[in-house]
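The lines below spell out each chain.
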Amino acid sequence: MERRDVILTAVLSTLAALLALGVALASCYWWHKRKRKRDEEERLDELDRAPPAPAPGKEHGARSNGFLSLRTPLISTKTLGTAGTPGSKSPASSAGGGGGASLLASDSKGGGAAGGGGAQGKTLAPKGDHPSMAFLQSRSISLVDMYIDNSEPVENVGQIHFSLEYDFQNTTLILRILMAKELPAKDISGTSDPYVRVTLLPDKKHRLETKIKRRTLNPRWNETFYFEGFPIQKLQSRVLHLHVFDYDRFSRDDSIGEVFLPLCQVDLSEKPSFWKALKPPAKDKCGELLTSLCYHPSNSVLTLTLLKARNLKAKDINGKSDPYVKVWLQFGDKRIEKRKTPIFKCTLNPVFNESFSFNVPWEKIRECSLDVMVMDFDNIGRNELIGRILLAGKNGSGASETKHWQDMITKPRQTIVQWHRLKPE
């Protein structure tokens, strides 16, 4: 009996010792982790102190959350004109920014009119010395397919004014976010607290944000962002994404609207300035469908090409869908001819690349329509509708669909490609 007690005591003592050792190792790990975090913060403070001291009354831009890396492009920001209105705050400028491009904050400088006051010491080289025309001629269409959307906003959520410039000598893209107007009220006070989040897609980790403008529907930011280390060829694979939010202190910030601008479509040597209508966030996102239309009057052939879809609504419990497209040629309310694509399993971004040709006489081309339905295939039960569009010259399912059809008629024998937002019904 005593021997059993001795063994039990020894086992318990060993377990207690192992537990104490585990606690000690955990404490050591967390101590080192906190020390490493403090070291990172101190290093960031040193980086922030490196630029010249700001002028009185000016505000610093936001910091980055990562180390300075010479291998990655540098992104910097400054405010034009006078400092922001009292009480304005700036949200974090770089979310989840570890291991990527760093944000260098520079001082505000007097610039007067919106859009003026470029970077001092950074001059644009003459146009003749740089392959700007070659850049324009070699534009990529892949990003156009992915992001361009010529459809009209379903509701007015305001407009945003910004300009672009490119410093060829220092391979730096200069973005100036100037102002917005006619934003919707998101607060019960009848106003909003807007700010703009900036990303260069497809990079979503490193994002920049303007200061918050309090209680206004027509904010003026006059802020400049520098994307350094971007050769002109590299910018062809980038899409500028501006997303306007309403800041909320105690809840999630509300999305007001967004703009996508593929840089392969912009002649940066011309220092373009834009007023862009903001696209509202989709409330019932069914996805989008990229289609092309072409009509040959000589042989009365109408060709619809279903290229691909993106961000389709998930219909299955695995978070995916099994999409295919069903197309009906209609004259008025009468269905004439049906076509289908193959089924694509477990995807929300199928690439169809299917073309369907229909025989439609020229005198009836304005009377017919194409009912395009994206379906989810189910082995058991009825196939579900993901979303649909009606391509027609008179009563299309939206302004985008009607315009696409009219462009096809006014430009015979040409292939007209356009994205369309799928409607739930």
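If you're wondering where the values come from, they're calculated on a predicted model, not measured in any experiment.

Rules and cut-offs
- Residues numbered from 1 in each chain as written.
- Predicted model: local features only at pLDDT ≥ 70, side-chain atom pairs only at ≥ 80, totals over all residues.
- Heavy atoms only, no water.
- Core = buried A, V, L, I, M, F, W, Y, C linked by side-chain atoms within 4.5 Å.
- Buried < 20%, exposed > 50% of the residue type's maximum accessible area, 1.4 Å probe, protein only.
- Helix = DSSP H or I, 4+ residues; strand = E, 2+ residues; numbered from the N terminus.
- Contact = heavy atoms within 4.5 Å.
- Pairing = 2+ DSSP bridges.
- Axes fitted to C-alpha atoms, helices over the stretch in contact; angles between N-to-C directions.
- Patch = residues over 30% accessible without salt bridge, like charges linked within 9 Å, V, L, I, M, F, W, Y side chains within 5 Å.
- Areas by Shrake-Rupley, 256 points an atom, 1.4 Å probe, with all protein chains shown as cover.
- Salt bridge = Lys/Arg side-chain N within 4 Å of Asp/Glu carboxyl O.
- Phe/Tyr/Trp six-rings, centres within 6.5 Å; stacked < 30°, edge-to-face > 60°.

> Please explain the nonpolar core as it appears in this structure.
In summary, soluble globular proteins display a tendency toward joint burial of nonpolar side chains. Residues Leu 164, Leu 175, Val 198 and Leu 240 are the most contacted members of the largest nonpolar core, which totals 32 residues. Counting residues per element, the ones that place at least two in this core are strand S3 (159-167), strand S4 (172-181), strand S5 (194-201), strand S7 (220-228), helix H4 (232-235), strand S8 (239-246) and strand S9 (254-262). The contacts of Leu 175, once residues within four sequence positions are left out, are Phe 162, Ser 163, Leu 164, Val 198, Glu 223, Thr 224, Phe 225, Phe 227, Leu 240 and Leu 242. If you look at the next biggest cluster of nonpolar residues, it comprises 29 residues, including Val 327, Leu 329, Phe 352 and Val 372.

> Help me understand the pairing of S9 in this model?
Put simply, side chains in a regular strand alternate between the two faces of the sheet. The element S9 is extensively covered by neighbouring structure, given that seven of its nine residues are classed as buried. In this structure, S8 lies alongside S9, joined through eight bridges in antiparallel fashion. Each residue of the ladder has a partner; that of His 241, found in S9, is Phe 260.

> How should I be thinking about the sheet that holds strand S17 (residues 384-392) in this particular structure?
Strand-to-strand pairing in sheets goes through backbone hydrogen bonds, with the strands running parallel or antiparallel. On the basis of which strands lie adjacent, the open sheet formed by four strands has the order S14-S13-S16-S17 and antiparallel pairing. Looking at strand neighbours, the two that pair on one side only are strand S14 (334-340) and S17, the edges of this open sheet. Each adjacent strand pair in this sheet contributes to an overall mean axis angle of 20°, direction not counted. Inspection of the sheet shows strand S13 (residues 323-331) paired to S14 by six bridges, in the antiparallel sense. When the bridges of S14 are listed, Phe 331 appears paired with Lys 334. Along the sheet, helix H5 (residues 399-410) makes contact with strand S16 (368-376) and S17, crossing S17 at roughly 45°.

> How should a nonpolar patch on the surface be read in this particular structure?
There is a patch of nonpolar side chains on the surface, built from Ile 7, Leu 8, Val 11, Leu 12, Leu 15, Leu 18, Leu 21 and Leu 25 and spanning about 790 Å² of accessible area. By secondary structure assignment, the location of Leu 21 is in helix H1 (residues 2-49).

> Just checking my understanding: could you explain the packing of aromatic side chains for this structure?
Aromatic ring pairs are reported here in terms of the distance separating the ring centres and the angle at which the planes meet. The full count for this structure, using the stated rule, is five aromatic pairs. Measuring from ring centre to ring centre gives 5.2 Å for Phe 162 and Phe 274, while their planes differ by 25°; the resulting arrangement is stacked. Of this pair, Phe 162 sits in strand S3 while Phe 274 sits in strand S10 (residues 273-277), and the two are 112 residues apart along the sequence. Judged by relative accessible area, which is 0%, Phe 162 ranks as buried. Judged by centre distance (5.8 Å) and plane angle (20°), the ring pair of Tyr 195 and Phe 245 falls under stacked. Residue Tyr 195 is located in strand S5, and its partner Phe 245 is located in strand S8; the two are separated by 50 residues in the primary sequence. Under the relative-accessibility criterion, Tyr 195 is labelled buried at 1%. Using a relative accessible area of 9% as the deciding quantity, one classes Phe 245 as buried.

> Looking at this structure, how should I read the pattern of salt bridges?
Pairs may arise between side chains of opposite charge once their charged atoms sit close together. In total, this model carries nine salt bridges according to the counting rule given. A salt bridge links Arg 421 to Glu 288, with the nearest nitrogen and oxygen atoms 3.9 Å apart. Taken as a pair, Arg 421 in strand S18 (residues 416-421) and Glu 288 in strand S11 (residues 288-296) lie far apart in primary sequence, 133 residues in all. Across the pair Glu 401 and Lys 423 runs a salt bridge whose closest N-O atoms are separated by 2.7 Å. Taken together, the residues Glu 401 in helix H5 and Lys 423 in the segment after S18 connect sequence positions 22 residues apart. Classification of Glu 401 as buried rests on a relative accessible area of 1%. On the basis of relative accessible area, Lys 423 is assigned to the partly exposed category, the value being 23%. Through salt bridges that share partners, Glu 288, Arg 310 and Arg 421 make up one connected network.

By themselves, these are just geometric observations and shouldn't be taken as functional.
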